[in-house]
Amino acid sequence: MPVVVGIETSCDETGVGVVRDGELIGEALASSMDEHARFGGVVPEVAARAHLEALVPAMELALERAGITSADVDAIAVTAGPGLATALQVGLAAAKAYSIAWGVPLYGVHHLAGHVAADALAHGALPNPCVVLIVSGGHTSLLYCRDLVNDPIEHLGDTLDDAAGEAFDKVGRVLGLPFPGGPAIDRIAKEGNPTAIAFPRGLSRPQDPPFEFSFSGLKTAVARWVEARERAGEPIPVADVAASFQDAVVDVLVDKSLAACGERQCGDLLIVGGVAANSRLREVAAERAAAAGVRLRIPALKYCTDNGPMIASVGHMLVVSGAAPDALSLGADPSAILQAATLVPA
């Protein structure tokens, strides 16, 4: 029963997870989000310094919660990309140091593969095959996955501009909501009417690429609608705008995901990433997937956002599969494209 420790430092969360025989036995998470909120976005150097301060205490706490010591660890996995360059370097340097000190192999993991693997911690082995919607602040992609650590990952479609989470943050700023915009919009949208404003659904015409995404036009449409009301001296119905915007995003995400399931004749859909925590997305996806006869899996809320357990989960899969570990010369790749569970050399 291999014990694998995972380290995640791709953005503003410092996460450590411990997985034994595929089950999570310990974790710790520290966030620097409050330090970034006053800037309206994540500041890379602030994030890196926060990782430096939080990583060792997080490691000690995760091991303590797991009831083990470093002598019980069989391998260490770490996010090697994509992400903020300085933030990735902190986690990677720490993982290399632990690998040397503990005498265990090192595995560099692709951050987005971690989001996929997070679902296995709650729901067991990943379906093979499955359609995966990764939707977060920096990424929106539809994937066709078989064995996550042994087979290539096929991109069915990606965002052509803003990711869904990025659009949430930008619209949140337009509406004067706190950063991050996703949770703020989710909260206030519950008080609004999602049909109040007919915002556009990007790339939803018959002639458009069926599995590509675009949210830049939607973001602009919201901004122009708000600006027009402000010029007219009219009040902004923030809850209605938030609810209408949110439904425009959710409609596109769910419809394209289920269309991909139909095109691939695949009965399993995974929705993962930070935006998978959105309550409206979870609600609409559950309703439409059931109607389409598609089995839906979404990780628990706390494993949608960045965390250490998801990286440990990939690491455990790699160890069990017999994958070769990485050399200590492994470097971070801030813009790594998802092709496999590990980083693929350019």
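Right, let's walk through the structure included here. (Residues numbered from 1 in each chain as written. Predicted model: local features only at pLDDT ≥ 70, side-chain atom pairs only at ≥ 80, totals over all residues. Heavy atoms only, no water.)

### Some details on the overall build of the chain
Part 1: Per the secondary structure count, the chain includes ten helices and ten strands.
Part 2: Relative to the compact-globule value of 20 Å for 346 residues, the chain shows a C-alpha radius of gyration of 20 Å, a close match.
Part 3: C-alpha extents for the chain along the principal axes are approximately 65 × 45 × 35 Å.
Part 4: Counting every position in the chain, which comprises 346 residues, the buried fraction comes to 54%.
Part 5: With an accessible surface of roughly 14,200 Å², the chain has 53% of that area assigned to carbon and sulfur atoms.
Part 6: Taken as two groups, the 24 positive and 41 negative side-chain charges of the chain have centres that lie 5 Å from each other. (Helix = DSSP H or I, 4+ residues; strand = E, 2+ residues; numbered from the N terminus. Rg over C-alpha atoms; globule rule 2.2 N^0.38 Å. Buried < 20%, exposed > 50% of the residue type's maximum accessible area, 1.4 Å probe, protein only. Areas by Shrake-Rupley, 256 points an atom, 1.4 Å probe, with all protein chains shown as cover. Lys, Arg positive; Asp, Glu negative; His and termini not counted. Charge placed at Lys NZ, Arg CZ, Asp CG, Glu CD.)

### Digging into the packing of aromatic side chains
Part 1: Counted according to the given criterion, the structure contains three aromatic pairs.
Part 2: Here the aromatic rings of Y98 and W102 are separated by 4.7 Å at their centres, their planes lie at 40°, and the arrangement is tilted. One end of the pair, Y98, and the other, W102, are both in helix α3 (residues 85–102), four residues apart, so they sit about a helical turn from each other.
Part 3: Given the relative accessible area of 14%, Y98 is considered buried.
Part 4: Relative to F215, the ring of F213 has its centre 6.2 Å away and its plane inclined at 15°; by these criteria the two rings are stacked. Judged on exposure class, the residue F213 and its partner F215 are both buried.
Part 5: The positively charged end of K256 is found above the aromatic ring belonging to F213, 5.9 Å away from the centroid.
Part 6: The ring of Y144 carries R264 above its face, with NZ or CZ at 4.8 Å from the centroid. (Phe/Tyr/Trp six-rings, centres within 6.5 Å; stacked < 30°, edge-to-face > 60°. Lys NZ or Arg CZ within 6 Å of the ring centre and 35° of its normal.)

### Concerning helix α8 (residues 238–263)
Part 1: Taking 1.5 Å as the rise per residue, α8 with 26 residues should run 38 Å; its terminal C-alpha atoms sit 38 Å apart, in good agreement.
Part 2: Among the 26 residues of α8, 20 are classified as buried, and the element is accordingly described as predominantly covered.
Part 3: Positive phi shows up at Q265, right after α8, with a value of about 50°. (Expected span 1.5 Å × (residues − 1).)

### A word on the environment of Y107
Part 1: Mapped onto the elements of the fold, Y107 is located in strand β5 (residues 106–110).
Part 2: With relative accessibility at 5%, the residue Y107 sits in the buried group.
Part 3: Measuring from C-alpha to C-alpha, the distance between Y107 and T79 comes to 8.7 Å, with 28 residues separating the pair along the chain.
Part 4: Once you skip the residues sitting within four places of it in the chain, Y107 turns out to touch A75, I76, A77, V78, L318, V319, A323, A324, P325 and D326. (Contact = heavy atoms within 4.5 Å.)

### A few points about the sheet that holds strand β8 (residues 154–158)
Part 1: Taken in spatial order, the five strands of this open sheet run β8-β7-β6-β9-β10, and their pairing is mixed. Both outer strands of the open sheet, β8 and β10 (295–297), are each paired with one neighbouring strand and no more. Strand after strand, the sheet turns through a mean of 20° between neighbouring axes, direction not considered.
Part 2: Alignment of strand β6 (residues 130–135) against strand β9 (residues 268–272), held across four bridges, turns out to be parallel. Residue I134 lies in a different strand from β9, and its bridge partner there is V272.
Part 3: Against the sheet, helix α9 (residues 279–292) touches β6, β9 and β10, its axis set at about 160° to β10. (Pairing = 2+ DSSP bridges. Axes fitted to C-alpha atoms, helices over the stretch in contact; angles between N-to-C directions.)

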